Amino acid sequence: MANREQVADSGSSAVQRAYAEIVDRMASGELAPGSWLREGALADSMGISRTPVREALNKLSSEGLVRLERNRGAQVVAWTHQQITEIFGVRALVEGYVAALAAQKIDEETLGKLEDNLAEYEQTIKAGGSGALQRAAALNNEFHAMILDATENDSLVFLLSGVMGLPLVRRTFLRYTERDLARSIEHHRELVEAFRRRDSETAEMIMKVHIRTAQHAVLQHEDLEVG
């Protein structure tokens, strides 16, 4: 028989799984802004009970990602122009600093991994085809994560984890045009070159431009809430 700790761990895992699954569906656009989320349907699709789904929705509500309404359920929140600008403003400031710090601390092994990532990133985007954007998005996230890890700063990791986990940010890449993708490749290349030179000032500047370019893509294509 499972003890209380095992039961608690199981329940916690189910909530985490439900939360992650809902966020991923929001990030992919499957659960678009304005969509209504039904506990029963979500639970059935995940093969779990309604209780962890309910707790996951409560967590999403506390984070401002869904809106709970009595007798109606949960609705995916649409972002306002101001919210998007503020979120990417935070990213530009913090990730700019991250890039500057990484340029001072990054080692040869990490530089090699960034170069490998860049090569696959460029090849994936140019090849196109089914699943190319999803793979490129994963490589993009990996690229940014390696830069963050290179700072060896737990406070920065904690600070950025909440922002980077937002569905709005996670689905940004899927809004990119061909021109946006080409520009992203160039920014990644320029960042690696700046890291090679240990050029903190240039790395910070490029990263800020990179994040603001992403902001522009979102504002061009995101379904915005009036207000």
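All values reported here derive from a predicted model rather than from experimental measurement. (Residues numbered from 1 in each chain as written. Predicted model: local features only at pLDDT ≥ 70, side-chain atom pairs only at ≥ 80, totals over all residues. Heavy atoms only, no water.)

Participant: Hey, could you run me through the overall build of the protein chain in this one?
Facilitator: Broken down by element type, the protein chain carries ten helices and three strands. For the protein chain, the sequential pattern of α-helices and β-strands runs α-β-α-α-β-β-α-α-α-α-α-α-α. Residues counted as buried form 44% of the 227 residues belonging to the protein chain. Looking at the protein chain as shown, the accessible area adds up to about 12200 Å², and 49% of this sits on carbon and sulfur atoms. (Helix = DSSP H or I, 4+ residues; strand = E, 2+ residues; numbered from the N terminus. Buried < 20%, exposed > 50% of the residue type's maximum accessible area, 1.4 Å probe, protein only. Areas by Shrake-Rupley, 256 points an atom, 1.4 Å probe, with all protein chains shown as cover.)

Participant: What should I look at first to understand the packing of aromatic side chains in this one?
Facilitator: When we look at a pair of aromatic rings, we describe it by the centre distance and by the angle of the planes. Within the structure shown, the criterion is met by zero aromatic pairs. Lying across the ring of Tyr 19, Lys 59 places its NZ or CZ 5.1 Å from the centre. (Phe/Tyr/Trp six-rings, centres within 6.5 Å; stacked < 30°, edge-to-face > 60°. Lys NZ or Arg CZ within 6 Å of the ring centre and 35° of its normal.)

Participant: When you look at the sheet that holds strand β1 (residues 36-37) in this model, what are you seeing that I'm missing?
Facilitator: Paired through their backbone hydrogen bonds, the strands of a sheet run either parallel or antiparallel. Taken in spatial order, the three strands of this open sheet run β1-β3-β2, and their pairing is antiparallel. Looking at which strands have only one partner, the edges of the open sheet turn out to be β1 and β2 (66-69). In terms of strand pairing, β1 meets strand β3 (residues 73-76) through two bridges, oriented antiparallel. Following the sheet pairing, Leu 37 is matched in β3 by Ala 74. Across the sheet, helix α3 (residues 50-62) touches β1, β2 and β3, and the angle it forms with β2 is around 115°. (Pairing = 2+ DSSP bridges. Contact = heavy atoms within 4.5 Å. Axes fitted to C-alpha atoms, helices over the stretch in contact; angles between N-to-C directions.)

Participant: It is not clear to me how the pairing of β2 should be interpreted in this structure. Could you clarify?
Facilitator: Put simply, side chains in a regular strand alternate between the two faces of the sheet. By the bridge criterion, four bridges tie β2 to β3 in an arrangement that is antiparallel. Its bridge partner lying in β3, Leu 68 is registered against Ala 74. Between β2 and β3, which pair antiparallel in sequence order, lie three residues; one of them, Asn 71, sits at a positive phi of approximately 70°.

Participant: Sorry, what's going on with the packing of helix α2 (residues 39-46) against α3 here?
Facilitator: Angle between the axes and distance between the axes: these two values describe a pair of packed helices. Their axes nearest at 9 Å, the elements α2 and α3 cross at an angle of 115°. Relative to α3, the crossing made by α2 is right-handed. Listed contacts from α3 to Glu 39, Gly 40, Leu 42 and Ala 43 of α2 are Arg 50, Val 53, Arg 54 and Leu 57. Considered class by class, the residues forming the contact of α2 with α3 number four nonpolar, one polar and three charged. (Left-handed = near helix turned anticlockwise from the far one by under 90°. Nonpolar A, V, L, I, M, F, W, Y, C, P; charged D, E, K, R; others polar.)

Participant: Explanation requested: the packing of helix α4 (residues 81-105) against helix α6 (residues 132-150) in the structure shown.
Facilitator: Interhelical geometry of α4 versus α6 gives an angle of 60° and a closest axis separation of 8 Å. Crossing of α4 against α6: the hand is left-handed. Here Arg 91, Glu 95, Val 98, Ala 99, Ala 102 and Lys 105 of α4 lie close against α6, whose contacting residues are His 144, Ile 147, Leu 148 and Ala 150. Tallied by class, residues from the contact of α4 with α6 come to six nonpolar, one polar and three charged.

Participant: What's the story with helix α9 (residues 178-196) in this structure? I'm lost.
Facilitator: An α-helical turn contains 3.6 residues, so a residue and the one three or four places further along point in the same direction. Compared with an ideal rise of 1.5 Å per residue, which puts 19 residues at 27 Å, α9 spans 27 Å between its outermost C-alpha atoms and is within 8% of the ideal. Along α9, the residues classified as buried are Asp 180, Leu 181, Ser 184, Ile 185, His 187, His 188, Leu 191, Val 192, Ala 194 and Phe 195. Just downstream of α9, Arg 198 is the residue with a positive phi angle, here 60°. (Expected span 1.5 Å × (residues − 1).)

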